[in-house]
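Remarks on the overall topology
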Amino acid sequence: MSPAATTTAETTTTTTAGTTATTTTERTGTTATTTTETSETTTTETSETTTTETTETTATTTTEPTGTTATTTAGTTATTTTEPTETTATTTTETTETTATMTTETTATMTTATMTTATDTTATDKTATTTIGDPKRPPRQQTRRIGVSDGSARPEALLVLADGEVFEGEAIGAASPDGVATGEVVFNTALSGYQEVITDPSYAGQVIAFTYPHIGNYGVADEDDEARRPWCRGVVVRDVPPRPSSWRASASLPELLIRHGVPGIAGVDTRRLTRHLRQHGAMGCAFGTADEATLLGAARREPGTDGRDLVSTVTVEAPYQRGSGPLQLVAYDFGVKETMLRQLERLATITVVPAGFPAGQALAMDPDGVFLSNGPGDPAALPTQVDIVSDLLGKVPLFGICLGHQLLGTALGARTYKLRFGHHGGNHPVQQVDSGHVEITSQNHNYAVEAASLPTTGTGAATITHVNLNDGVVEGIACPGLRAFSVQYHPEAGPGPHDARYLFDRFRRLLEEAA
């Protein structure tokens, strides 16, 4: 038996398929040429010759010259068969008797794994065309919903706004009763500090939608809490990472929510939600695993924050002391943050009192000054607190932040109003009116002091010290005649930039002058 698959002693058969599959015979070493020659008949491939090589798991080459049929099969086992019809040469070679399918002894390499390539390859030999490639595959199907980085199964949920807008997502955090959680939805633009945002008491009655897509990256740490528990009604995020990545982390964000009974929804298109709220304003919402009709009804019944006293739900029940500074300070807890108290501890020994603590009892402590903290809700719904501030004006130095700023303005005779979607984030530009200096500030409020309503004459005359460069909102006022000043934003920056912490030093100087 001949060591090579040939039709005559003068015949050399070489098949090239694909870009790297090459058959080279020992007799001539010719590459990418198919020629049939006999002593009686010479046949050259013409337009009548058709060579088709299809490779899936095996490769097949068929040559049909005039009067001759040659079939070469290369695959897991290869057989070369030549069956002429009207010629004098007839050769039949079986795989077991040939040169191992043109491989070892003929030094031919024809590997179907090579011939099956990721991209289709076309080899042309005169009029013969060979196309090699995998059959088309169907597109890969999504196996998880947006917002689930770890692929874990979470119940499908909906977020429905009071105006009927619907957002799909998945439930995270604590399970809400009957699959329904409600609140007034607002968006926050902070890139980090989500734990401080969620535990800020100023969010009582509200659902926080984070515009930054990844929330929960570095987990949570107990020392970063701004209050003893979160007071928000819920959390809306785009994506929750599968596990926290921080040496400080004591738990994940979903674990924090579960621990404190706060429901959440992930996988929401927060970009679309933010655009909607910017256009239509903060509004009631409902989210959870209940059906859309149930959630819509709950969202439309949500009262929001207008006209509601939310301070009474977050304030401390009894006075307590913090710090050991040389000065004496009374701090009204309308929803005070831990970072705020830490800044004040540098200045004085602080007595923190409930929101309704009478002004007479506070003055009886003979403090060097009084601090009015941040807090949630509508200042117009807090007549008791406005009266307390009015009783304190002119008797001791006052410094107000956020809600404390609005209460001071109201006590001076100004009016407040609700912003369309509020200021929530850590990147709000605020300009000092007298110097033109710009601070990047942390903010969280839905209400503001009306500039035109501030008194401009008399002992209680107030001047605007800071303005928001985004929308012109009053961000700070001062009343020198009554030794009082306040800012709408959060100079303690928990979280946020520290541009405005100089205000605590200003308060210290005011306290020292009074002492």
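Conventions and cut-offs
Residues numbered from 1 in each chain as written. Predicted model: local features only at pLDDT ≥ 70, side-chain atom pairs only at ≥ 80, totals over all residues. Heavy atoms only, no water. Salt bridge = Lys/Arg side-chain N within 4 Å of Asp/Glu carboxyl O. Helix = DSSP H or I, 4+ residues; strand = E, 2+ residues; numbered from the N terminus. Buried < 20%, exposed > 50% of the residue type's maximum accessible area, 1.4 Å probe, protein only. Pairing = 2+ DSSP bridges. 1 Å grid on protein atoms, 1.4 Å probe; cavity = no way out; pocket = protein on both sides within 12 Å on 5 of 7 lines; lining within 4 Å. Points joined across faces, edges and corners; volume = space filled by probe spheres on them. pLDDT = per-residue confidence, 0-100. Contact = heavy atoms within 4.5 Å. Axes fitted to C-alpha atoms, helices over the stretch in contact; angles between N-to-C directions. Polar contact = N/O pair within 3.5 Å; in protein donor to acceptor, adjacent residues only side chain to side chain. Parallel < 35°, antiparallel > 145°, perpendicular 65-115°, else oblique. Nonpolar A, V, L, I, M, F, W, Y, C, P; charged D, E, K, R; others polar. Arc of directions from axis to C-beta.

**Regarding the pattern of salt bridges**
Under the definition given, this model contains 14 salt bridges. A salt bridge links Glu338 to Arg342, with the nearest nitrogen and oxygen atoms 3.7 Å apart. Taken as a pair, Glu338 and Arg342 lie in helix H7 (residues 338-345) at a separation of 4 residues, close to a single helical turn. Classification of Glu338 by relative accessible area gives partly exposed; the value is 22%. One salt bridge connects Arg508 with Asp505, and the closest N-O pair in it is separated by 3.9 Å. With a gap of 3 residues between them, Arg508 and Asp505 both fall in helix H11 (residues 502-514), about one helical turn apart. A relative accessible area of 27% means that Arg508 is categorised as partly exposed.

**Section: the pairing of strand S14 (residues 181-188)**
Among the 8 residues in S14, 7 count as buried, and that is most of the element. In this sheet, strand S15 (residues 206-210) lies alongside S14 in parallel orientation, the contact comprising 5 bridges. By the bridge assignment for S15, Val186 is matched with Ile208.

**Considerations on empty space enclosed by the protein**
In this structure the tally under the stated criterion is 5 cavities of 30 Å³ or more. Considering only enclosed or pocket space, the largest cavity measures out at about 110 Å³ in volume. Ser202, Gly375, Gly377, His445 and Asn446 are the residues nearest the centre of the largest cavity, which is lined by 14 residues in total. Mapped onto the lining of the largest cavity, the elements with two or more residues apiece are helix H10 (403-412) and strand S25 (438-449). Examining the composition of the lining of the largest cavity, we find that 4 residues originate from one element, S25, more than from any other.

**A word on the confidence of the model for the protein chain**
A low pLDDT score tells you not to read the predicted coordinates there in detail. Summary statistics for the protein chain give a mean pLDDT of 78 and a share of 70% for residues scoring 70 or more. The low-confidence segment residues 1-151 (pLDDT under 50) makes 229 contacts with residues lying over four places distant or belonging to another chain.

**Some details on the sheet that holds strand S21 (residues 348-353)**
The 10 strands lie next to each other as S19-S21-S20-S22-S23-S28-S27-S26-S24-S25, forming an open sheet whose pairing is mixed. Taken across any chain shown, the strands that pair with only one partner, and hence form the sheet edges, are strand S19 (320-322) and S25. The mean inter-strand angle of the sheet, taken between neighbouring strand axes irrespective of direction, is 25°.

**Here we look at the sheet that holds S14**
The strand order around the closed barrel formed by 7 strands is S12-S13-S17-S16-S15-S14-S18, and the pairing between neighbours is mixed. For this sheet, the mean angle separating the axes of adjacent strands, direction not counted, is 35°. Direction of pairing for strand S16 (residues 234-236) relative to strand S17 (residues 263-266): parallel, over a ladder of 2 bridges. Paired with Val236 across the strands is Ile265, a residue of S17. Lying over the sheet, helix H4 (residues 270-280) contacts strand S12 (156-161), strand S13 (166-173), S14, S15, S16 and strand S18 (283-288), oriented at roughly 90° with respect to S14. In the packing of helix H5 (residues 292-301) onto the sheet, the strands contacted are S12, S13, S14 and S18, and the crossing angle to S12 comes to about 35°.

**Examining H10**
With 9 of 10 residues buried, H10 is to be regarded as a mostly interior element. Looking at H10, one finds that the buried residues are Leu403, Gly404, His405, Gln406, Leu407, Leu408, Gly409, Ala411 and Leu412. Note on H10: the residue one or two positions beyond its end, Gly413, has a positive phi of about 115°.

**Re the side chain of His445**
In this fold, His445 is placed in strand S25. Relative accessible area serves as the criterion here: at 4%, His445 is assigned to the buried category. A distance of 3.0 Å separates a polar atom in the side chain of His445 from a polar atom in the side chain of Gln443. In this structure the side chain of His445 is engaged in a polar contact, spanning 2.8 Å, whose partner is the backbone oxygen of Tyr447.

**Some words on the packing of helix H9 (residues 383-392) against H10**
Put simply, H9 and H10 touch, their axes get as near as 9 Å, and they point 70° apart. With respect to each other, H9 and H10 are oriented roughly perpendicular. Residues Gln385, Val386, Val389 and Ser390 of H9 form the contact with H10, whose participating residues are Leu407, Leu408, Thr410 and Ala411. Grouping the amino acids of the contact of H9 with H10 by side-chain chemistry returns 5 nonpolar, 3 polar and no charged.

**Side note on the environment of Gly169**
With respect to the helices, strands and loops of the structure, Gly169 is situated in strand S13. With relative accessibility at 1%, the residue Gly169 sits in the buried group. Counting along the chain gives 95 residues from Gly169 to Gly264, while the straight-line C-alpha distance between them is 9.8 Å.

**Things to note about H5**
Buried within H5 we find Leu295, Ala298 and Ala299. Buried residues along H5 cover an arc of 100° about the axis, so they all sit on one side. Among the exposed residues of H5, those oriented more than 90 degrees off its buried face are Ala293, Arg300 and Arg301. In this fold, the buried residues of H5 make contact with S12, S14 and S18. Its side-chain oxygen at 3.2 Å from the backbone nitrogen of Ala293, Asp291 defines the N-terminal cap of H5.

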